[in-house]
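What follows is the residue order along each chain.
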Amino acid sequence: MSDIIQLLPDHVANQIAAGEVVQRPASVVKELLENAIDANATSIKLIIKDAGKTLIQVIDNGKGMSRTDARLSFERHATSKIKQAEDLFNLQTKGFRGEALASIAAIAHVDLKTKQDNAELGTFIKIEGSKIISQENIGTTTGTSIAVKNLFYNIPARRNFLKSNTIETRHIVNEFQRVALAHPSIAFSFYHNENEIYNLLSSNLRKRIVAILGKKTNEKLVPIKEATDIVEITGYVAKPEFAKKKRGEQFFFVNDRFIKNAYLNHAVTSAFESLLSGGYYPTYFLYLKVPAKSIDINIHPTKTEIKFEDEKTLYAILRSTVKHSLGQYNVAPVLDFERSASFDTPYEFKDKKTATPKISVDQNYNPFKSENQKSSGFHFKKENNAQWESLYTGIDVDNIEVKSETVISSMFSEEKQNSKTYQIHNKYIVSSIKSGIVYINQNLAHQRILYEEYLENITVKEAMSQQLLFPLEITFNKSDINLIKEIKEDLENVGFLFDKILDDTIIVKGMPVTIIESQITLIIEQLLEDIKNDIPDTSFSQLDIMAKSLAKSLAIKTGSKLNLKEQEELVNKLFSCKQPDLSPFGKLTFVTINIDEIDKKFNN
């Protein structure tokens, strides 16, 4: 038999590797930004077009590459970061695999311009699908400019699986924020479709956080600092009152590398124990410095997973450090309450004996003695012969009707006898039907009712809005502000009215009639989160997502007690819906049990 095993061509191997390294445009952004940082750049510019599908360009002022290095950089496993296996346990750079540029070049059109400081001319290389089209000398500035065009042009299946521009842009913004937060000393700028999204100057960590998340973030931050032989922890956590219902603003950095670690996240969350309401998550920006030999970064091509040598000790140190800072800055409640010094007994009184106070009474004093007193404005006349029965003279006591307790109890019993619905465990509404019993989930049922009402208001009727007496200012980070600008018209169709939309603040002057003012911030935050995660490409589906989000936020919650009238109204409205059996998210709103099924239970 002939041999069947063969080596794959380089361009095929590169495309296979690209499946792990380049999952979406944001993956390319991350790799190119990290390469620029490894090149000791002090200023980095990111340019994006069409959410990275058309263009991703990173321009830096780093040390650049020679002609030979520029060519070798696109070969698989070619890197300047490590030279031997032992270097994997002492990594000081972002990249070390030598796969990124080779993988990117295999699935896109790449233009590279680079020049070293001491060179007269730079190098220009043009690559399409791993094939070098041209290479020549050009005049350019010191540093490197790499442009990735038409991503996944030769893998149409992967390109078709990309999400909408809004979602892909959000992922790019997230990667940009992580890299920018890890290196506050480097100046970053970010442009999307020729619009400036970020222009971050070189600064310290606190200023970088404020520049990315908004000016009002500054008042929320509590500094964290601790140094041990195992780890050095610095950074900030947000005060408990600024916790959010989403996990987006949670950042862990180990040796200036962004990581995801559920175990360490639990350490921070447990430090906020009893300080946060259910369903809320703390915001934090924590930077851990550990010996390079105590961690293993070579777990996954994305390099966001790290194995620690002693994770349990790290957990305990992190938890106690966060707790200590919350107490040190009077964020966590303490048992020692402040008291006034005036409550303390002076020392000179400590040996002084106390005597029983004497009470003197004027037995001749009578405030009712004189009839001429006019302090109250009334005259009291004493009649010796008056009897208490005289108060009721002329009143036929026998004919007075009195509502007794028996009458009141009969009213309630009658109401209960006429009732066809009952609420159990403040969660389900039970109602009798001809064929048996129906159990209705009050939360899911109300979601269906509100969903159809909102969808009809948005698409058919004009949305009803109520003006706020005082406009409400709500602070968001820049990426959320950009999303609000994109969906502003759709939000207005729902019933929200905006006075102004600033760089990091929106001013709301009107809201849908079914929303309470205290709920506006939470509802908009939840709405943005749902839109960012689930927004489809069509405008109608986008409105559908909004209706679902509002219905989920405003529906009657499990545990809410309903009176008889509210129960009956909920049941009647549910069964007048177009699709009463399912919630907007596809869950059953009610189940029925037939009489036959009940009979079988008793006949067993």
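Treat the numbers as computed from the prediction; the structure is a model and nothing was measured.

Rules used throughout
- Residues numbered from 1 in each chain as written.
- Predicted model: local features only at pLDDT ≥ 70, side-chain atom pairs only at ≥ 80, totals over all residues.
- Heavy atoms only, no water.
- Pairing = 2+ DSSP bridges.
- Helix = DSSP H or I, 4+ residues; strand = E, 2+ residues; numbered from the N terminus.
- Axes fitted to C-alpha atoms, helices over the stretch in contact; angles between N-to-C directions.
- Contact = heavy atoms within 4.5 Å.
- Buried < 20%, exposed > 50% of the residue type's maximum accessible area, 1.4 Å probe, protein only.
- Polar contact = N/O pair within 3.5 Å; in protein donor to acceptor, adjacent residues only side chain to side chain.
- Salt bridge = Lys/Arg side-chain N within 4 Å of Asp/Glu carboxyl O.
- Core = buried A, V, L, I, M, F, W, Y, C linked by side-chain atoms within 4.5 Å.
- Parallel < 35°, antiparallel > 145°, perpendicular 65-115°, else oblique.
- Left-handed = near helix turned anticlockwise from the far one by under 90°.
- Nonpolar A, V, L, I, M, F, W, Y, C, P; charged D, E, K, R; others polar.
- Phe/Tyr/Trp six-rings, centres within 6.5 Å; stacked < 30°, edge-to-face > 60°.
- Lys NZ or Arg CZ within 6 Å of the ring centre and 35° of its normal.
- Expected span 1.5 Å × (residues − 1).
- pLDDT = per-residue confidence, 0-100.

Q: Report on the sheet that holds strand S22 (residues 590-594), specifying residues and quantitative values.
A: Spatially, the 4 strands line up as an open sheet ordered S16-S17-S18-S22, and their pairing is antiparallel. Unpaired on one side and paired on the other, strand S16 (421-424) and S22 mark the two borders of the sheet. Each adjacent strand pair in this sheet contributes to an overall mean axis angle of 25 degrees, direction not counted. Pairing analysis gives 6 bridges linking strand S17 (residues 428-433) to strand S18 (residues 436-441), with the strands arranged antiparallel. Within S18, the residue paired with serine 432 across the bridge is isoleucine 437. Across the face of the sheet, helix H16 (residues 564-574) comes into contact with S16, S17, S18 and S22 while running at roughly 105 degrees to S16. Packing of helix H17 (residues 595-603) onto the sheet brings it into contact with S18 and S22, and relative to S22 it is tilted by some 60 degrees.

Q: Describe the side chain of glutamine 423, and please don't skip the residues or the numbers.
A: Relative to the helices and strands, glutamine 423 resides in strand S16. A relative accessible area of 17% means that glutamine 423 is categorised as buried. Here glutamine 442 takes part through its side chain, which lies 2.8 Å from a polar atom of the side chain of glutamine 423. Once residues lying within four places of it in the same chain are set aside, the contact partners of glutamine 423 are Tyr428, Ile429, Gln442, Ser560, Lys561, Leu562 and Gln567.

Q: So what's going on with the pattern of salt bridges? Residues and values would help.
A: This structure, assessed with the given rule, holds 9 salt bridges. The shortest N-O distance in the salt bridge between arginine 178 and glutamate 175 comes to 3.3 Å. Placement of both arginine 178 and glutamate 175 in helix H6 (residues 165-182) is noted, with a separation of 3 residues, approximately one turn of the helix. Overall, the relative accessible area of 17% leaves arginine 178 in the buried class.

Q: Describe the nonpolar core, and please don't skip the residues or the numbers.
A: With 56 residues, the main nonpolar core has Leu32, Ile44, Leu46, Val148, Phe176, Phe188 and Phe190 as its most contacted residues. If near-sequence neighbours (up to four positions away) are discounted, valine 148 is found in contact with Val28, Leu32, Thr54, Leu55, Ile56, Ile104, Ala108, His109 and Val110. Core analysis: the second largest hydrophobic core is formed by 33 residues, Leu455, Leu468, Leu483 and Leu491 among them.

Q: So what about the packing of helix H8 (residues 262-271) against helix H9 (residues 311-328)? Which residues, and what values?
A: One can describe the packing of H8 onto H9 by two numbers: an axis separation of 8 Å at closest approach and a directional angle of 30 degrees. Put simply, H8 runs roughly parallel to H9. At the point where H8 passes H9, the crossing takes the right-handed sense. Contacts from Tyr263, Leu264, His266, Ala267, Val268, Ser270 and Ala271 in H8 reach Glu311, Lys312, Leu314, Tyr315, Leu318, Arg319, Val322, Lys323 and Leu326 in H9. Taken together, the residues of the contact of H8 with H9 break down into 10 nonpolar, 2 polar and 4 charged.

Q: Report on the side chain of histidine 183, specifying residues and quantitative values.
A: Inspection of the secondary structure assignment puts histidine 183 in the loop between H6 and strand S7 (187-192). Residue histidine 183 is classed as buried on the basis of its relative accessible area of 12%.

Q: Describe the packing of aromatic side chains, and please don't skip the residues or the numbers.
A: One pass over the full model with this rule turns up 11 aromatic pairs. Judged by centre distance (4.7 Å) and plane angle (15 degrees), the ring pair of phenylalanine 253 and tyrosine 287 falls under stacked. Of this pair, phenylalanine 253 sits in strand S11 (residues 250-254) while tyrosine 287 sits in strand S13 (residues 284-289), and the two are 34 residues apart along the sequence. With relative accessibility at 8%, the residue tyrosine 287 sits in the buried group. Taken together, a centroid distance of 5.2 Å and an interplanar angle of 55 degrees make the contact between phenylalanine 575 and phenylalanine 590 tilted. Taken together, the positions of phenylalanine 575 in the loop between H16 and S22 and phenylalanine 590 in strand S22 put the pair 15 residues apart, joining distant regions of the chain. Its relative accessible area of 42% is what places phenylalanine 575 among the partly exposed residues. Connected via pairs of aromatic rings, a cluster forms that spans Phe251, Phe253, Phe258, Phe285 and Tyr287. Between the NZ or CZ atom of lysine 548 and the centre of the ring of phenylalanine 585, over which it lies, the distance is 6.0 Å.

Q: Please set out the sheet that holds strand S2 (residues 55-60) residue by residue, giving values where relevant.
A: Taken together, the 8 strands give an open sheet; going across it, the order is S5-S4-S3-S6-S2-S1-S7-S8, and neighbouring strands pair in mixed fashion. The sheet is open, and its two edges are formed by strand S5 (131-138) and strand S8 (195-200), each paired on a single side. Pairs of neighbouring strands in the sheet enclose a mean axial angle of 10 degrees, with direction left out of account. Looking at chain direction, strand S1 (residues 43-49) and S7 are connected through 6 bridges and run parallel. Note that in S7 the partner of serine 43 across the bridge is alanine 187. Where helix H2 (residues 25-38) meets the sheet, its contacts fall on S1, S2, strand S6 (143-149) and S7, and the angle it forms with S2 comes to roughly 10 degrees. Seen against the sheet, H6 touches S1, S7 and S8 and runs at an angle of roughly 175 degrees to S7.

Q: Got a sec to walk through the environment of valine 237? Specific residues and values, please.
A: Looking at where valine 237 falls in the secondary structure, it is placed in strand S10 (residues 232-238). Among the residues examined, valine 237 registers a relative accessible area of 0% and is labelled buried. Through-space distance from the C-alpha of valine 237 to that of glutamine 250 is 9.1 Å; in sequence the pair is 13 residues apart.

Q: For the packing of H6 against helix H7 (residues 205-213), give the residues involved together with the corresponding values.
A: At a minimum axis separation of 9 Å, H6 and H7 run at an interaxial angle of 160 degrees. Relative to H7, the element H6 is oriented roughly antiparallel. The two elements H6 and H7 meet at a crossing, and its hand is right-handed. Note on element contacts: H7 touches H6 through Leu205, Arg208, Ile209 and Ile212, opposite Gln177, Ala180 and Leu181.

Q: Describe in detail the environment of valine 173, supporting the description with residues and values.
A: Mapped onto the fold, valine 173 is located in helix H6. Each C-alpha atom, one on valine 173 and one on tyrosine 198, is 9.6 Å from the other, the two residues being 25 residues apart in sequence. Setting aside chain neighbours within four positions, we find valine 173 in contact with Phe190, Tyr198 and Ser479.

Q: Lay out H6 in plain terms, naming residues and giving numbers.
A: Given a rise of 1.5 Å per residue, 18 residues ought to cover 26 Å, and the 26 Å separating the end C-alpha atoms of H6 matches this to within 8%. Of all 18 residues in H6, 14 are buried; the element is thus mostly enclosed.

Q: Go over the confidence of the model for the chain with me, naming the residues and quoting the values.
A: Confidence in the prediction for the chain averages 79 pLDDT; 80% of positions are at 70 or higher. The secondary-structure element of the chain with the lowest mean pLDDT is helix H10 (residues 405-418), recorded at 38, while S1 shows the highest, at 95. In this model residues 373-385 is a low-confidence stretch, pLDDT under 50, and it forms 5 contacts with partners more than four residues away in sequence or in other chains. Under a pLDDT of 50 for its full length, residues 402-419 has, in the predicted model, 3 contacts with residues more than four places off or in other chains.

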